Amino acid sequence: MSRVILSPQHPLSAGLTGDSRLIRAYRGEPSDTTPVWFMRQAGRSLPEYRELRVGTRMLDACLDPALASEITLQPVRRHHVDAGIFFSDIVVPLKLVGVDVEIQPGRGPVFGRGYADAAAVAELTSVDPARLEEASAPITEAVRRTIAELGETPESGATGGGATPLIGFAGAPFTLAAYLAEGGPSKDHLAARTLMHADPGAWRALMDWTAELTGRFLRTQVLAGASAAQLFDSWAGALSLADYEAHVAPASAKALSFVHDLEYETTDAAGAALTRSVPVVHFGVGTGELLGAMHGIGVDTVGVDYRVPLDVAAQRVGADVPLQGNLDPALLAAPWPVLEAAVRDVLARGAVAPAHVFNLGHGVPPETDPTVLTRVVELVHEAGA
Ligand code: CP3
């Protein structure tokens with residue numbers, strides 16, 4: 001794909017986020033200390049989030065630029081994390097092109113129907129994914145509002161007086177297909193795993209379409225001002241390595257092709273001009289067996305869940321790959337000395353990688369005491385220096 005240079009106003013091009021702790025780490029470079037953010041840092045653990053969300057359905061909140069922006073900023077202000085992650089959901093691009101989907105509290109994404117055979121897939125994929133462009137104004141507007149405010153919170157993620165970077169994200173094709181095939185959440189994603197083998201043609205059509213749609217969603221966020229992109233293949237851990245490589249990895253690579261052509265102009269430490277690409281992170285749950293293959297689709301940083309220690313993950317992805325993770329979220333509710341020891345252990349193991357971005361091994365549990373999260377950020381910044 002030919003290269004596209006981000007606009008001069010983009011935080012990466014404008015020199016606002018390119019040398020932040022987070023973006024340096026995603027390039028494999030050290031900083032003054034270890035950067036930290038939390039998956040699901042925006043959301044139900046925060047009383048200010050619960051208050052804002054009263055009376056607004058989840059997807060309506062995602063599509064309200066003022067609300068989505070404010071919710072994204074809440075954890076940055078409160079915890080001084082090194083990144084904001086855009087408040088949205090993996091099903092938002094589906095909603096934007098007219099798919100019948102809602103998010104039920106305590107359950108997750110629920111569709112008007114399942115898409116588990118060739119006829120259903122043909123109906124779904126008759127919608128042109130390029131239609132997302134016409135519908136993406138609420139996303140672009142929310143990202144713009146957010147980065148304008150993040151420019152004013154340089155005390156956290158930025159070194160040298162820049163801005164805190166915003167991470168854009170999207171669901172990987174398999175994780176979206178796991179919901180689409182079933183018509184809602186499932187434990188083992190059986191409908192998707194059956195379709196993959198029962199009708200490989202229909203499966204490929206579903207994955208191709210989903211890859212383009214979710215890739216465009218990610219691209220929209222980066223063009224509007226996100227400084228990094230994370231692809232969530234949350235449920236890829238349900239797959240064998242062989243199925244992942246044959247039936248899933250090509251679609252994930254296709255999704256990322258929608259951001260891999262985006263570059264920005266900058267200078268190196270010696271002042272010489274160069275262009276860099278936007279850093280990409282790939283994460284899944286229970287993906288210990290897949291880590292090498294997940295890196296292999298062409299990402300800069302691999303996110304690791306809590307089941308595989310970071311030093312072991314480094315052996316699986318290669319010693320030159322930055323890692324993100326991987327405190328077990330269950331420990332957030334443990335007594336402080338237990339939690340502190342676990343945080344220090346994650347930092348020590350993460351030190352084997354060229355750079356480490358501290359995170360949880362999956363999302364913040366809704367019942368988490370937010371003051372504990374703030375304390376973890378302080379500990380990481382102090383101990384990771
Ligand atoms: O702070 C952040 O991390 C950004 C926000 C974010 C949300 N969803 C908001 C949300 C992100 C990154 C996601 C991604 C997402 N959504 C994934 C991939 C990450 C992961 O968790 O593995 C998946 C699988 C989904 C689908 C989804 N959406 C689920 C399983 C749920 C939980 C349902 C529930 O209520 O337990 C959601 C809803 C959702 N997405 C909430 C939030 C804040 C909770 C809804 C609410 O507050 O009413």
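Structure's up top.
What counts as what
Residues numbered from 1 in each chain as written. Predicted model: local features only at pLDDT ≥ 70, side-chain atom pairs only at ≥ 80, totals over all residues. Heavy atoms only, no water. Helix = DSSP H or I, 4+ residues; strand = E, 2+ residues; numbered from the N terminus. Rg over C-alpha atoms; globule rule 2.2 N^0.38 Å. Contact = heavy atoms within 4.5 Å. Areas by Shrake-Rupley, 256 points an atom, 1.4 Å probe, with all protein chains shown as cover. Lys, Arg positive; Asp, Glu negative; His and termini not counted. Charge placed at Lys NZ, Arg CZ, Asp CG, Glu CD. Salt bridge = Lys/Arg side-chain N within 4 Å of Asp/Glu carboxyl O. Buried < 20%, exposed > 50% of the residue type's maximum accessible area, 1.4 Å probe, protein only.

Q: Outline the overall build of the protein, supporting the account with residue identities and numerical values.
A: Within the protein, the regular secondary structure consists of 17 helices and 12 strands. Here the C-alpha radius of gyration of the protein, 20 Å, is about what a compact globule of 385 residues would show, namely 21 Å. By principal-axis analysis of the C-alpha atoms, the protein measures approximately 55 × 45 × 45 Å. Taking the contacts inside the protein whose residues are at least 6 apart along the sequence as the reference set, 71% of them involve residues at least 24 apart. Split by element, the accessible area of the protein, about 14700 Å² in all, is 51% carbon and sulfur. The centroid of the 29 positive side-chain charges in the protein is displaced by 2 Å from the centroid of its 45 negative side-chain charges.

Q: Residues and numbers for the pattern of salt bridges, please.
A: Enumeration according to the criterion identifies 20 salt bridges in this entry. A salt bridge links Arg24 to Asp19; the nearest nitrogen and oxygen atoms lie 3.8 Å apart. Of the residues examined, Arg24 reaches a relative accessible area of 22% and is grouped as partly exposed. Overall, the relative accessible area of 45% leaves Asp19 in the partly exposed class. The closest approach of N and O atoms between Glu133 and Arg216, which form a salt bridge, is 3.0 Å. Of this pair, Glu133 sits in helix α7 (residues 131-135) while Arg216 sits in helix α11 (residues 200-224), placing them 83 residues apart in sequence. For Arg216, a relative accessible area of 18% translates into the label buried. One connected set of salt bridges, linked through shared partners, spans Asp19, Arg24, Arg27 and Glu29.

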